[in-house]
Every structure is written in C-alpha cells, then in structure tokens.
There are 2 protein chains.
Amino acid sequence: MEPSASVTSKALGILAAFTAQQPQLTLSEIGRRAGLPLTTTHRLVGELTEWGALERDEAGRYRIGLRLWEVASLAPRGLGLRERALPFLEDLYEVTHENVQLAVRDGYEAVYVERITGRHAVSILSRVGGRLPLHATGVGQVLLAYAPAEFQDEVLALPLQSFTKYTVTDPKRLRSVLAEVRKTGIAVCDRLVDPDSLSVAAPIFAADGASEVVAALSVVVRSEGADRLGLAPAVRAAARGISRTR
Amino acid sequence: MEPSASVTSKALGILAAFTAQQPQLTLSEIGRRAGLPLTTTHRLVGELTEWGALERDEAGRYRIGLRLWEVASLAPRGLGLRERALPFLEDLYEVTHENVQLAVRDGYEAVYVERITGRHAVSILSRVGGRLPLHATGVGQVLLAYAPAEFQDEVLALPLQSFTKYTVTDPKRLRSVLAEVRKTGIAVCDRLVDPDSLSVAAPIFAADGASEVVAALSVVVRSEGADRLGLAPAVRAAARGISRTR
C-alpha cells in the first residue's frame, strides 16, 4: 500500500486481510497482509476492535466481529435479497434435498449470498460470501446471459479459466450457450466447475417488474443420474415466485 | 461526535448510520446521523464507496455494499456458526415448518444470526442481524441461563423491558426461571415478547466439548395449540447435533 493511502483505506485494507482460508489472524499477520507498519496496524486494529468490527479470540488472534456482521447484514444485495428469496429457496430445498443457491453479479464474478444444503447433498465449491467466475456455473451463466451486451463482450474477451474438461472457455461456443440460456430461461451446467455436480439455474428479475435481472438461483445435484428435465420447472417456478415478491 | 474523533471511528460511524429501518440514506442523512460535517462525510463516503463498503443506488442514495457483506460473512460468530448449524436447522424446519432461529449473546442482547421460516409460519419480531433483550425470548433466556453468574447479576440489576403482560421482569422470578432452564436444558417462552408466539429454545455448546455455551437455537410457533412437549425433544436433538459438529 502506498504511504499516502488514507486512514480509511488502511482500515478497510485491514478488514480485507481476513479471508475464508484465514479467518483468524495475529497482529503481525494483519500488518503483513495489509502492507502496513506494525505501529499503524496496532493503532487501527485497536480502534476496529473497540468498535466491534474485529474481535479477539482466546488465543489473542483477531477475527471479523459480530458488530460488522450486523451492519453488513443490511446490504440490500446480501441479506435483503436473501430474506425476500428464502421461503422459495426453502420450498425448493424440500423438493430436492440438494444444494439450493442464490447469487448476484459483482464485477466479473458471481457472489453467493445464500446456500441451503442438506447433510446428504453433493459437496460443492461455492460458499456463502464466496465467488466463482461467471462462465463456469449455472448462476453465473444466467447472470451473464441477462447482462448488457457490452458487459458480455468484456467477459468473453477475458482469459476464461478451465475447471474441468467440460468447462466452456471458447468465446464463440460460450456465446451460443448464453443465447440458449436467454431463449429457455434456464442454464444447465453439467460438471463445468465440479467434476461431480450439475447445476440448474434461473434468473430473478427486479421486484418492480422491470426486465433487469438482479440475481440468479440454482439447484446443484449430483451429475450422475440427475433428472435435468424434472428440476427445471421447480427452479423456474421458485425464480418466478421471488421475482414477483417485493 | 467529538471533533477529536479519529478518522477510523468517523468511517465506522458512517457505517453505523445505516439501520434496518433506514437501510438507504442520502449523503446529508448520513452526515446528520454520524454527526459529521458535510465535507468530511462527502470525502469518507467517497472512499467507502470506492472500496465497496457502500454502494450507490439509482436514486443516488447510499446503502451498505456487497464487498462489506462479503468480508463480514467471515465473522465466526455470524456465518461461520451458521454454516455449522444449518443442516440441523433445516431438519428442524422440515419437522415443524415454523420459525427456526439461531442466536448468540452480545452485550445484554441476543443477536439473531439465522432464521429459517416458511411462508405460513407465525410472524415474529426478530430478523437476521437484529437484536432482542435476553430476558424476554427463548434463545435469550438460554444464553442468560448459561452465562457466568456475575453477568446474570448485571442483567438482573437492569430495568427489564415489558413486552406483553407475560414478560417476566421481576429479578427474583426471572432467577428461578433461569434455574429451571439450566435444570431442564430447555427454555419455553410463551407470549413473553410477541402476543401470539411461543418459543422453545436449547443451548449450543462450544465445539471443543467445553461447557461454554456459544449460541442458542429455538423454534417459534403459534402459542395457541402449541405442542410444547412435542417440540422440546426435536429442539434438544438439533442443539446437541450442532454442539457435536466442528
């Protein structure tokens, strides 16, 4: 971080030092990750802890605090959307007993804002608060298919990561996949990101009845023996139900 | 806010200006609520927005941003706990089709970190990211019953809010209620906070097998005709399942 960085950006850099892989950090780990001298780190971490943005555990390491989580739960694209969608996600979960997911687009990625899962569901890569690229997942393909054309062009011009031998990374082929998603209103992604899982996804439209897609939902099941045709109507019905709800 | 407040506390004050009642605010509303001059508000809101802690909507108002929500989702007492508990909460929801809740203690209040609810469940006061006092709810009474004795004394010395004619606000009576909760491992709260609802709650212990209670879960049903005895074993079993899971 450049020395002229503002105090606010330093404090935010401290928050960003925490990751899903390393949710608990010592003071010196925080300083190293945020690129800050130890004295600055010490002072800012103290202020963040006092407010409740960070908490200290028994071992003296720091973690993201409950108060920050409370404030952040007000993000309309996080919990707000989730509250609106939850009863429909529950219905879908009861029908399938598999992974039911809700995601929004942020930059070139899908951010998972909800996941309901059973103890016997197929295990998958995504987690709540996590991200995956748009081209390789059901929710991602839906979000990309309904995004503005210029945005699609940008994404198709990127180097697209291959996760399995089925991942579509060729821009031309991906373009025709997206056209199919728009035509059918459903994305079916078979083993594009996980070697074992199949995802069926549908768009959620803005509550004001506009044509803007604000989120996507999916059911992720084991690829082997998956009932693709049977899942699509349930996924579509749930997505429509959420789109109609304010 | 006093003029000598640090930049970090000013930035955090801006985040705290957002509430469940007012999740979207104009620049001048933010400044007023945070007690900051408009120029300072303008600069700090700009930095927070650039990082993604705030987002601007179409109408130009600000709201909590998705990036802050992502970082905050790493809070071990927020989503971390939730992930561990979710499959058991799902089971409980399927058995009851009512409100299933997960809460932790913070200060003198219970903070709700999860709620699963159906479209036909009785409507209740709590929301995810919301708080209620400890003495008046099922999860609150459990968290209080298993808290250190000195902490209980502190809470019992507070003026306790009455929500309905059934709310227990007398310290002596509340003490015997808490003793009963510890004895049975279950709190049953009938219309203590909502005039229509009954809550059955149980403690969740630390994953390391220690006696520390880290959270509480509850099922909230319509008070009239509620099957208290039938709910308790299911709630207890779910709480034990979570306590055993790492």
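Next up on the list: the pattern of salt bridges. All names here are of chain B. The full count for this structure, using the stated rule, is 22 salt bridges over all chains. Close ionic contact of E55 with R63 constitutes a salt bridge, the shortest N to O distance being 3.3 Å. Both residues of the pair, E55 and R63, count as buried. We note a salt bridge from R191 to D190, for which the minimum N-O separation is 3.2 Å. Among the residues examined, D190 registers a relative accessible area of 14% and is labelled buried.

The predicted model of chain A has a mean per-residue pLDDT of 88, with 92% of residues at 70 or higher. Two summary scores accompany this predicted model of the complex, namely pTM at 0.75 and ipTM at 0.76.

What follows is about the environment of B:R33. All names here are of chain B. Looking at the secondary structure, you find R33 in helix α2 (residues 27–34). The contacts of R33, once residues within four sequence positions are left out, are A17, T19, Q22 and L25. Here Q22 takes part through its side chain, which lies 2.8 Å from a polar atom of the side chain of R33.

On to the interface of chain A and chain B. Contacts between the two partners involve 60 residues from chain A, matched on the other side by 60 residues from chain B. At the boundary of chain A with chain B, total buried surface from both sides reaches about 5000 Å², with 63% on carbon and sulfur atoms. If you sort the residues of chain A by the area they bury against chain B, A:L66, A:W69 and A:L74 come out on top, with a joint share of 14%. Viewed at the interface, chain B and chain A are joined by four salt bridges.

The next subject is unusual backbone geometry. In this structure, A:R191 is a non-glycine residue whose phi angle is positive, near 55 degrees. When you line up the elements, A:R191 lands in the loop between β7 (187–190) and β8 (197–205).

In this section: helix α3 (residues 38–51) of chain A. Its 14 residues give α3(A) an end-to-end C-alpha distance of 20 Å, which sits within 8% of 20 Å, the value for a rise of 1.5 Å per residue. Within α3(A), the full set of buried residues consists of A:T40, A:T41, A:L44, A:V45, A:E47, A:L48 and A:W51. Around the axis of α3(A), the buried residues are gathered within 160 degrees of arc, so they sit on the same side. Of the exposed residues in α3(A), the ones pointing more than 90 degrees away from its buried face are A:L38, A:T39, A:H42 and A:E50. Turning to α3(A), the residues buried within the fold contact α1 (7–16), α2 (27–34), β2 (54–56), β3 (62–64) and α4 (66–72) of chain A together with α1 (7–16) of chain B. Looking at the residues trailing α3(A), positive phi occurs at A:G52, about 105 degrees.

Residues and elements named next belong to chain A. Their axes nearest at 10 Å, the elements helix α7 (residues 149–156) and helix α8 (residues 171–184) cross at an angle of 145 degrees. The handedness of the crossing between α7 and α8 comes out as right-handed. Residues Q152, D153 and L156 of α7 form the contact with α8, whose own contacting residues are P171, L174, R175, L178 and R182. The residue makeup of the contact of α7 with α8, split by class, is four nonpolar, one polar and three charged.

Glancing now at the nonpolar core. Counting residues in each nonpolar core, the largest one holds 107 residues, and the members touching the most others are A:L15, A:L217, B:L15 and B:L217. Membership of the second largest hydrophobic core comes to 25 residues, among which are B:A147, B:V155, B:L178 and B:V181.

Adjacent strands of a sheet pair through backbone hydrogen bonds, lying either parallel or antiparallel. Residues and elements named next belong to chain B. Across the sheet, which stays open at both edges, the six strands sit in the order β6-β5-β4-β9-β8-β7 with antiparallel pairing between neighbours. Two strands in the sheet have a free side with no partner beyond their single neighbour: β6 (131–133) and β7 (187–190). Adjacent strand axes in the sheet meet at a mean angle of 30 degrees, parallel and antiparallel pairs treated alike. As paired elements, β7 and strand β8 (residues 197–205) share four bridges and run antiparallel to each other. Across the sheet, residue D190 finds its bridge partner in β8, namely L198.

All names here are of chain B. The end-to-end C-alpha distance of helix α9 (residues 228–244), which contains 17 residues, comes to 25 Å, matching closely the 24 Å that a straight helix rising 1.5 Å per residue would cover. Residues L231, A232, V235, A238, A239, G241, I242 and S243 constitute the buried set of α9. Regarding α9, its N-cap is D227, as a side-chain oxygen of that residue lies 2.9 Å from the backbone nitrogen of G230 further along.

In this section: the packing of aromatic side chains. Enumeration according to the criterion identifies four aromatic pairs over all chains in this entry. Ring geometry for B:Y108 and B:F151: centres 5.8 Å apart, planes at 35 degrees, overall tilted. Of this pair, B:Y108 sits in the loop between β4 (99–106) and β5 (109–116) while B:F151 sits in helix α7 (residues 149–156), and the two are 43 residues apart along the sequence. One cation-aromatic arrangement involves A:R105 over A:F151; the distance from NZ or CZ to the ring centre is 3.8 Å.

The next subject is the relation of the copies chain A and chain B. In screw terms, the move from chain A to chain B is a rotation of 180 degrees and a rise of 0.0 Å along the axis, fitting with an RMSD of 0.0 Å. Such a combination of rotation and displacement between the chain copies is what one expects of a two-fold axis. The share of interface residues of chain A whose copies in chain B are also at the interface is 100%, consistent with both copies meeting through the same surface.

Right, let's talk about the sheet that holds strand β1 (residues 24–25) of chain A for a bit. Residues and elements named next belong to chain A. Spatially, three strands are ordered β1-β3-β2 in an open sheet, and the strand pairing comes out antiparallel. Each end of this open sheet is capped by a strand with a single partner; those strands are β1 and β2. Direction of pairing for β2 relative to β3: antiparallel, over a ladder of three bridges. Paired with L54 across the bridge in β3 is I64.

Rules behind the numbers
- Residues numbered from 1 in each chain as written.
- Chains lettered and ligands numbered in written order.
- Predicted model: local features only at pLDDT ≥ 70, side-chain atom pairs only at ≥ 80, totals over all residues.
- Heavy atoms only, no water.
- Salt bridge = Lys/Arg side-chain N within 4 Å of Asp/Glu carboxyl O.
- Buried < 20%, exposed > 50% of the residue type's maximum accessible area, 1.4 Å probe, protein only.
- pLDDT = per-residue confidence, 0-100.
- Helix = DSSP H or I, 4+ residues; strand = E, 2+ residues; numbered from the N terminus.
- Contact = heavy atoms within 4.5 Å.
- Polar contact = N/O pair within 3.5 Å; in protein donor to acceptor, adjacent residues only side chain to side chain.
- Buried area = accessible area lost by both parts, 1.4 Å probe.
- Expected span 1.5 Å × (residues − 1).
- Arc of directions from axis to C-beta.
- Axes fitted to C-alpha atoms, helices over the stretch in contact; angles between N-to-C directions.
- Left-handed = near helix turned anticlockwise from the far one by under 90°.
- Nonpolar A, V, L, I, M, F, W, Y, C, P; charged D, E, K, R; others polar.
- Core = buried A, V, L, I, M, F, W, Y, C linked by side-chain atoms within 4.5 Å.
- Pairing = 2+ DSSP bridges.
- Phe/Tyr/Trp six-rings, centres within 6.5 Å; stacked < 30°, edge-to-face > 60°.
- Lys NZ or Arg CZ within 6 Å of the ring centre and 35° of its normal.
- Least-squares fit on C-alpha atoms with pLDDT ≥ 70 in both.

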